[in-house]
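So you can see what is in the structure, the chains are spelled out below.
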Amino acid sequence: MILKCLQCFSHFLIDSNDLSPEGRRVKCGKCGHVWFVEPKPLISSKKEEITSLHPENTPIVSGSNLPVLVSASDVNKANSLWLLVVLLTILIGFLLWIGKESIIRIWPFSNYFYSILYSILGY
Ligand SMILES: [Zn+2]
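Quick caveat, the model's predicted, so the values are computed rather than measured. (Residues numbered from 1 in each chain as written. Predicted model: local features only at pLDDT ≥ 70, side-chain atom pairs only at ≥ 80, totals over all residues.)

Novice: Please give an account of the overall build of the chain that cites residues and values.
Specialist: Along the chain, the regular secondary structure elements total three helices and four strands. Helices and strands in the chain line up, N terminus first, as β-β-β-β-α-α-α. A total of 123 residues make up the chain; the buried ones form 0% of that total. (Helix = DSSP H or I, 4+ residues; strand = E, 2+ residues; numbered from the N terminus. Buried ≥ 20, exposed ≤ 12 C-beta atoms within 10 Å, placed from the backbone.)

Below, the structure written as structure tokens:
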């Protein structure tokens with residue numbers, strides 16, 4: 001705990017355990033001023049507003065290195081998005097496989113891509 005002399009404004013570092021729960025008189029070692037110091041309360045007696053940590057993303061102070069709290073609904077949204085991407089990829093792959101002959105007829109150069117794809121897949 002840091003004490004500040006009210007007379008000469010010198011600062012002193014003291015062990016807060018040296019203060020009794022009722023406080024005590026202290027004397028400035030520099031100017032001799034004596035004053036009474038009350039210990040800091042361990043728990044604030046002020047009624048503080050308690051905010052819920054629940055679900056909404058909690059904004060963090062800029063420059064803070066604390067992680068943002070992500071709500072469960074955002075995790076579900078992200079998982080749904082991944083599932084959609086995977087399903088679309090499968091669908092597109094299926095359509096390219098089914099429509100191979102038509103695609104090559106319309107765009108002959110695509111046969112080159114199919115041959116590369118088949119060599120990768122081992123056909
Ligand atoms: Zn002083």
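Novice: Describe in detail helix α3 (residues 110–121), supporting the description with residues and values.
Specialist: Compared with an ideal rise of 1.5 Å per residue, which puts 12 residues at 16 Å, α3 spans 16 Å between its outermost C-alpha atoms and is within 8% of the ideal. A small share of α3 lies buried, amounting to zero of its 12 residues. (Expected span 1.5 Å × (residues − 1).)

Novice: Break down the pairing of strand β4 (residues 34–37) for me, citing the residues and quoting the values.
Specialist: Strand direction decides the pairing type here: strand β3 (residues 24–27) and β4, joined by four bridges, are antiparallel. Residue valine 26 lies in a different strand from β4, and its bridge partner there is tryptophan 35. Between β3 and β4, which pair antiparallel in sequence order, lie six residues; one of them, glycine 32, sits at a positive phi of approximately 85°. (Pairing = 2+ DSSP bridges.)

Novice: I'd love a proper account of helix α1 (residues 72–98), names of residues and values included.
Specialist: An ideal rise of 1.5 Å per residue puts 39 Å on 27 residues; α1 measures up with 39 Å between its terminal C-alpha atoms. In terms of burial, α1 is a largely surface element, zero of the 27 residues being buried.

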